[in-house]
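# Analysis of the macromolecular model
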Protein chains: 2
Amino acid sequence: MKRIQIIKIGGEILDDVLRLDAFLKELACFSSPFVLVHGGGRKATGLASKLGVPQKMVDGRRITDGETLDIATMVYAGLINKQLVARLQALGTDAIGLSGADMNCIQASIRDKALMDYGFVGDLGSDSVKSSRFQMLLEAGLIPVVCAITHDKNGQLLNTNADTIACAIAIALSLFYEVQLNYCFGKNGVLGNPADEQSLIPHLSQTEYLRLKCTGSIHSGMIPKLDNAFKALQEGVKAVRIGEAGAIRHLVQNNKHYGTELSV
Amino acid sequence: MKRIQIIKIGGEILDDVLRLDAFLKELACFSSPFVLVHGGGRKATGLASKLGVPQKMVDGRRITDGETLDIATMVYAGLINKQLVARLQALGTDAIGLSGADMNCIQASIRDKALMDYGFVGDLGSDSVKSSRFQMLLEAGLIPVVCAITHDKNGQLLNTNADTIACAIAIALSLFYEVQLNYCFGKNGVLGNPADEQSLIPHLSQTEYLRLKCTGSIHSGMIPKLDNAFKALQEGVKAVRIGEAGAIRHLVQNNKHYGTELSV
């Protein structure tokens, strides 16, 4: 099986021109194919603020009303996606930007409103990612750059968590490739103490994760990320690594000195 | 040679939900492949106004400073492109949205600043459109939806006239397909008197065009559109039609009762 890297890049890197530039230069040196997945929450929040569109968060999740969806579509699928593609093209990487609507490559369902109405938020199911579409592009030597916008195939765009998209693409492609999923963000990896970058956990088993979640050592934004990551491992993804974006080369090479490696 | 339609849709249709919906329904019924090209100037102007970014126009052309380029990228490549793709997908048309940066399908050069600095505006040359990229998508049964953003392959996105993009795609693909180029907008076609929709010129030769341009009957926005259109005919495009978006079915069928047919 051919090897492929799925790389999720966090908002803190997207917002830092120098770190982003260094990260993209590293990516452009890869000889193996990859899929880059991004959101861009902070830029969307900034634009919403300039436009006077109030942002409602519930338990750290954004309520996506119509205006907020338009903002997310403009920032994720427009500005950030095309800037990433143009920069990768300049570096000799043949990138193509995608939302889930393009080629119907990721078809989501609007989140159930029974308990809480999150608005135009999309959830992914086991058949959401159309792997044949990604295969077609990858086999043609293209590098898909996927933003956090999907659709429902009934004409509605949907705001969808980028960590979840990366996980779903990794699982779908693991039928055809040896897939490694990499979550790249601003921290060194999963930390025993979020305030201490030296408290890196180099290897995290699912049992240990559940224990640290119970004790509160791992909390807030790391929980959905790690839930996605362990799900990926259980459903066919070969390896999952979480680490600092600048160490991407070491992460994809499974270098034990960088980031956190997960195991079930 | 296989037949293909290049369809440019004007901003006045994009801004009218009902007309746009009817237009997309017509497109979705086409049995032959097509490429849809769009800008979206009015929505970009609206967003610029909300954000307090002053828009400078010189001779009807927008000066694209950095902030204006970001706005154009958000509106054209993000909001409008993805809404069009999602609607076409809902209608069963397998659309894929593209900027020129994606797959490096349209590589432009920043406009020469010697006489006037238009900012981040891209001009197209004879090898700007990478026809093999469009062929790959079309042969896979995909419908490219192309927005008015290109790049220079050095990492810079560029605002590029959508009429010019449609013309350049039509010319590039005419080496491999029998290409018909259709400019669809709010008016019935080229009018002898712009104020009178009944003054439609059903057939316009280049000689007659040059005469009407001299007398001032044809002016302002129609001039670059028609210059592009006649260029396309001279460079291998089989037919060029200009007409009202609602008549798209008649335009592509070369129905003499609808729109203006051009000839060199």
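Here, every reference points to the structure presented above.
Conventions we followed
Residues numbered from 1 in each chain as written. Chains lettered and ligands numbered in written order. Predicted model: local features only at pLDDT ≥ 70, side-chain atom pairs only at ≥ 80, totals over all residues. Buried ≥ 20, exposed ≤ 12 C-beta atoms within 10 Å, placed from the backbone. Helix = DSSP H or I, 4+ residues; strand = E, 2+ residues; numbered from the N terminus. Pairing = 2+ DSSP bridges. Contact = placed C-beta atoms within 7 Å. Nonpolar A, V, L, I, M, F, W, Y, C, P; charged D, E, K, R; others polar. Expected span 1.5 Å × (residues − 1). Core = buried A, V, L, I, M, F, W, Y, C linked by C-beta atoms within 7 Å. Axes fitted to C-alpha atoms, helices over the stretch in contact; angles between N-to-C directions. Parallel < 35°, antiparallel > 145°, perpendicular 65-115°, else oblique. Left-handed = near helix turned anticlockwise from the far one by under 90°. Least-squares fit on C-alpha atoms with pLDDT ≥ 70 in both.

### Some remarks on the pairing of strand 13 (residues 239-244) of chain B
Residues and elements named next belong to chain B. With 5 of its 6 residues buried, strand 13 lies for the most part within the structure. In terms of strand pairing, strand 13 meets strand 14 (residues 260-263) through 2 bridges, oriented antiparallel. Note on strand 14: the bridge partner recorded for Arg241 is Glu261.

### Description of the interface of chain B and chain A
For an interface, size is often stated in terms of accessible area lost upon the parts coming together. Tallying the contact residues gives 34 residues for chain B and 34 residues for chain A. Elements with a contribution of two residues or more to the side of chain B that touches chain A: helix 3 (41-51), helix 4 (66-90), strand 5 (95-98) and strand 9 (149-151) of chain B. Ranked by residue count, the leading element in the side of chain B that touches chain A is helix 4 of chain B, at 14 residues. For the side of chain B that touches chain A, a count of residues per class yields 16 nonpolar, 11 polar and 7 charged.

### Description of the pairing of strand 13 (residues 239-244) of chain A
Along a regular strand, successive side chains alternate from one face of the sheet to the other. For strand 11 (residues 178-185) of chain A and strand 13 of chain A, the ladder comprises 6 bridges, and the chain directions are parallel. The residue of strand 13 of chain A that forms the bridge with Gln180 of chain A is Ala239 of chain A.

### Some thoughts on helix 7 (residues 206-215) of chain A
Each full turn of the α-helix corresponds to 3.6 residues, which orients residues three or four apart in the same direction. With 1 of its 10 residues buried, helix 7 of chain A lies for the most part at the surface. Following helix 7 of chain A by one or two positions, Gly216 of chain A adopts a phi angle in the positive range, close to 90°.

### Looking at helix 6 (residues 162-173) of chain A
Residue and element names in this part refer to chain A. End to end, helix 6 covers 16 Å across 12 residues, agreeing with the expected 16 Å (1.5 Å per residue, within 8%). With 12 of 12 residues buried, helix 6 is to be regarded as a mostly interior element. Looking only at helix 6, the buried set comprises Ala162, Asp163, Thr164, Ile165, Ala166, Cys167, Ala168, Ile169, Ala170, Ile171, Ala172 and Leu173. For helix 6, the secondary structure elements touched by its buried residues are strand 1 (3-9), strand 2 (34-38), helix 5 (131-139), strand 8 (143-147), strand 11 and helix 8 (222-234).

### A short note on the nonpolar core
Core analysis: the biggest nonpolar cluster contains 178 residues, and Ile169 and Ala170 of chain A together with Ile169 and Ala170 of chain B have the highest contact counts within it. Filtering out sequence-adjacent residues up to four positions away, Ile169 of chain B remains in contact with Ile6, Val35, Val37, Val129, Phe134 and Val146 of chain B.

### Remarks on the packing of helix 3 (residues 41-51) of chain A against helix 4 (residues 66-90) of chain A
Residues and elements named next belong to chain A. Direction vectors running N to C along helix 3 and helix 4 enclose 130°, while the axes themselves pass 9 Å from each other. Judged on the interaxial angle alone, helix 4 and helix 3 are oblique. The interaxial crossing formed by helix 3 with helix 4 has right-handed handedness. Note on element contacts: helix 4 touches helix 3 through Thr68, Ile71, Ala72, Val75 and Ile80, opposite Lys43, Ala44, Leu47, Ala48 and Leu51. Here the residues of the contact of helix 3 with helix 4 sort into 8 nonpolar, 1 polar and 1 charged.

### A word on the sheet that holds strand 14 (residues 260-263) of chain A
Note: strands within a sheet are paired through backbone hydrogen bonds, in either parallel or antiparallel orientation. Residue and element names in this part refer to chain A. Reading across the sheet, the 8 strands line up as 5-8-2-1-11-13-14-12 and stay open at both edges, with mixed pairing between neighbours. For this open sheet the edge positions go to strand 5 (95-98) and strand 12 (203-205), each flanked by a neighbour on one side alone. Strand after strand, the sheet turns through a mean of 20° between neighbouring axes, direction not considered.

### Observations regarding the relation of the copies chain B and chain A
You can overlay chain B on chain A at an RMSD of 0.0 Å; the transform is a turn of 180° with a shift of 0.0 Å along its axis. Each copy turns onto its partner about a two-fold axis. Taking C-alpha positions as the reference, the residue of chain B nearest the rotation axis is Gly78 of chain B, at 1.8 Å. A share of 100% of the interface residues of chain B reappears at the interface of chain A, consistent with the copies meeting face to face through the same patch.

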